[in-house]
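For reference, the chains in residue letters:
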Amino acid sequence: MSKINIETINTENTKLSSERIIELRNINEQYFIMNGKRKLYHILTYGCQMNEHDSEKIGGMLTSIGYEETDDSQNADLVIFNTCLIRENAELKVYGKLGEVKGLKRHKPDMIVAVCGCMMQKEELRQKLLKQFKFVDIIFGTNTIQELPGLIYDVEVNKKKSVDIIDNTELIYENMPKSRKFKYKALVNITYGCNNFCTYCVVPYVRGREKSRTPEEIINEVRALAFDGCKEITLLGQNVNSYGSNLENPFTFAELLYELNKIDGIERIRFMTSHPKDLTDDLIKAIKECNKVCNHVHLPIQAGSDDVLRRMNRKYTKDHYLNLVEKLKKEIPDIALTTDIIVGFPGETEEDFLETIDVVKKVQYDSAFTFLYSVREGTKAAEMEDQIPDDVKHERFNRLLDVLYPIVLDRNSQCIGNVYSVLVESVNNTSENSLTGRSEHFRLVHFKGNEELLGQIVNVKITNVKTFHMEGEIVEQ
Ligand code: 5AD
Ligand code: SF4
């Protein structure tokens, strides 16, 4: 490839002109005619569902300019890394894989390599990438996905390395094409960014302040999904409970659930994540009253000690959290509760840690994501004294799992003999229990069945349980 210049464009108001989109499409159409196959893209997605959904938008943009997806990076003409910064290991994984792709690019110099996502929202990491991984052709941010065709144009036609990041995260781009991974379940953004500034977390720094989509945009998207045969939606936001407060015409998350519950065709509504400080009685009522809203709340506790919670800037106490759980269980006895827990936050004492264990025992979670605290540069917690040594963190982490797993297994055991509705999500013909899906309570269920049931909601009687999944058999209702 000829030498490329580095150009940083700030595209506050820039849009790739329709002429250039058409030109790019024509180039890719010519390629198709000459080669009998389309150019292929491969996306590596790291991190949360927010990133997964961004990858669906990236796929949609690429499909609209004539690319096709491949699951093999070796064959790809364009490899995209959609990165995550939440913990150090997410970052390290990206560097490791970039090293592998460097070798690939040596053999295929025309292959375009793009890096986007949360890591690229940090100036230092962009600079590091430009210095250490010089073969990367395109860098874009979480707010510039819509500019990707323009960046590809610059590399392909103008032979320029392209970097495009907008620091102003006020804008919401609607109606982007999406290449959705599943037909029968879909991720739907309701808010972007976060205002909470938990002291350990980089999200507010990379994804910007919280912005809500309008109810009209969300409802229209969900109606269109239902029309396309989608049965389950998951509403995404860093804190869905504060949805709508910054809209011109404020609208609550509870009100949104009531509206979405009316949409024919949609059978299940999920949402994540709920911040305990903002979970209102109105929302509990909405979960209870809306028959399509699943009886599952993901409610991160993060830590059980009031002192740690204060230093995490979580804005609730252990008692507030436990009262909330009690209220949820009283109003919706069938509720499943899952959580996120961080072990080894700076200054966490043995007594603090035992408060976390106490919450786990009291709540009896259906499952939990557990994390070792990871120092994230730029956050307040990174500057705190008394960082916990790795061996102490690991020892506490293992003790937490020793308490958590038997509880999860016990919760699963209580399901034996019961019948649950399960949305069939995947087929594995090499296994005796060839179908896998999730129950309303978000439990993974394996069972025997015909692959034609993919995307259907079936009734499954639970016969056996493990910590991370359950087994069962289809029954007629
Ligand atoms: N270290 C460990 N875990 C973290 N999380 C966020 N930031 C950090 C960090 N610095 C966890 C929180 C959050 C989840 C998505 O990731 O538990 O809820
Ligand atoms: Fe991070 Fe806290 Fe915002 Fe969640 S609520 S994204 S943990 S700052």
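Note that the structure is predicted; figures quoted are calculated from it, not measured. (Residues numbered from 1 in each chain as written. Chains lettered and ligands numbered in written order. Predicted model: local features only at pLDDT ≥ 70, side-chain atom pairs only at ≥ 80, totals over all residues. Heavy atoms only, no water.)

**Notes on the site of ligand 1**
As a structural note, the neighbourhood of ligand 1 is formed by I86, R87, Y200, Q302, D340, I342, F371, L372, Y373, S374 and R376. R87 has a polar side-chain atom sitting 2.9 Å from an oxygen atom of ligand 1. D340 is positioned such that a nitrogen or oxygen atom in its side chain is 2.6 Å from an oxygen atom of ligand 1. Burial of ligand 1 by the surrounding chains reaches 86%, relative to a free accessible area of 410 Å². (Near = heavy atom within 4 Å. Polar contact = N/O pair within 3.5 Å; in protein donor to acceptor, adjacent residues only side chain to side chain. Areas by Shrake-Rupley, 256 points an atom, 1.4 Å probe, with all protein chains shown as cover.)

**Looking at the nonpolar core**
Generally speaking, nonpolar side chains in soluble globular proteins are found buried as a group. Core analysis: the biggest nonpolar cluster contains 71 residues, and I233, L235, F253 and L260 have the highest contact counts within it. Among the elements that take part in this core, helix 13 (residues 390-413) stands out by supplying 7 residues, more than any other. If we skip the residues at most four places from it in the chain, L260 touches I218, I219, V222, I233, L235 and I269. The next biggest cluster of nonpolar side chains, apart from the first, holds 29 residues, and it includes V79, F81, C84 and L85. (Core = buried A, V, L, I, M, F, W, Y, C linked by side-chain atoms within 4.5 Å. Buried < 20%, exposed > 50% of the residue type's maximum accessible area, 1.4 Å probe, protein only. Helix = DSSP H or I, 4+ residues; strand = E, 2+ residues; numbered from the N terminus. Contact = heavy atoms within 4.5 Å.)

**Brief notes about the sheet that holds strand 13 (residues 296-298)**
Ordered in space as 13-14-15, the 3 strands form an open sheet in which the pairing is parallel. The open sheet has two free edges, formed respectively by strand 13 and strand 15 (367-372), since each of these has just one partner strand. Geometrically, the sheet is characterised by an average inter-axis angle of 10° between neighbouring strands, direction not taken into account. Pairing between strand 13 and strand 14 (residues 336-343): 3 bridges, direction parallel. (Pairing = 2+ DSSP bridges. Axes fitted to C-alpha atoms, helices over the stretch in contact; angles between N-to-C directions.)

**Side note on the sheet that holds strand 19 (residues 457-465)**
An order of 16-17-18-20-19 is seen for the 5 strands of this closed barrel, with the pairing classed as mixed. Mean inter-strand twist for the sheet, computed between neighbouring axes without regard to direction, equals 50°. Here 5 bridges tie strand 19 to strand 20 (residues 470-474), and the two strands are oriented antiparallel to one another. From the neighbouring strand, N464 faces strand 20, where its bridge partner is E471.

**A word on the confidence of the model for the chain**
Residues at a pLDDT of 70 or more form 95% of the chain, whose mean pLDDT is 92. Here residues 1-15 scores under 50 on pLDDT; set against residues more than four positions off or in separate chains, the count is 38 contacts. (pLDDT = per-residue confidence, 0-100.)

**Quick notes on the domain arrangement of the chain**
Examined at the domain level, the chain breaks down into domain 1 (6-164) and domain 2 (419-475). Between domain 1 and domain 2, the C-alpha centre-to-centre distance is 36 Å. (Domains from an automatic or database assignment.)

**A word on unusual backbone geometry**
Negative phi characterises most residues that are not glycine, and trans characterises most peptide bonds. With an omega dihedral of 10°, the bond running from M272 to T273 counts as a cis peptide bond. As for its position among the elements, T273 is in the loop between strand 12 (268-272) and helix 9 (281-289). In the Ramachandran plot, F197 falls in the positive-phi region, its phi being about 50° despite a non-glycine side chain. Mapped onto the fold, F197 is located in the loop between strand 9 (191-192) and helix 6 (203-207). What makes F197 partly exposed here is its relative accessible area of 27%. Of note, the phi angle at K315 is positive, near 65°, even though the residue is not glycine. Its place among the elements puts K315 in the loop between helix 10 (306-311) and helix 11 (318-331). For K315, a relative accessible area of 54% translates into the label exposed.

**With respect to the side chain of T339**
Tracing the chain through its elements places T339 in strand 14. Exposure remark for T339: the relative accessible area of 0% places this residue in the buried category. Of the polar contacts made by the side chain of T339, one reaches the backbone oxygen of L299; its length is 2.8 Å. Among residues more than four places away in sequence, those in contact with T339 are H298, L299, P300, I301, Y321, Y365, S367, A368 and F369.

**Quick word on the packing of aromatic side chains**
Any two aromatic rings considered together are summarised by their centre-to-centre distance and by the angle between their planes. One pass over the structure, following the stated rule, counts 9 aromatic pairs. Judged by centre distance (6.1 Å) and plane angle (85°), the rings of F133 and F135 are edge-to-face. Here the two residues F133 and F135 agree in accessibility, since each one is buried. Their ring planes at 75° and their centres at 5.2 Å tell us that F253 and F271 sit as a pair that is edge-to-face. Remark: F271 occurs in strand 12 and F253 occurs in helix 8 (residues 253-261); sequence separation between them is 18 residues. A connected cluster of aromatic rings, assembled from ring pairs, spans Y95, F133 and F135. Its end group placed over the ring of F182, K185 keeps NZ or CZ at 4.5 Å from the ring centre. The ring of F442 has R438 lying over it, and the distance from NZ or CZ to the ring centre is 4.1 Å. (Phe/Tyr/Trp six-rings, centres within 6.5 Å; stacked < 30°, edge-to-face > 60°. Lys NZ or Arg CZ within 6 Å of the ring centre and 35° of its normal.)

**Some points on the state of the cysteines**
Within the structure shown, the criterion is met by 0 disulfides. Left without a disulfide partner, C118 is nearest to the cysteine sulfur of C84, which lies 6.2 Å away. Between C415, a free cysteine, and C294, which holds the nearest cysteine sulfur, the sulfur-to-sulfur gap is 14 Å. (Disulfide = S-S within 2.5 Å.)

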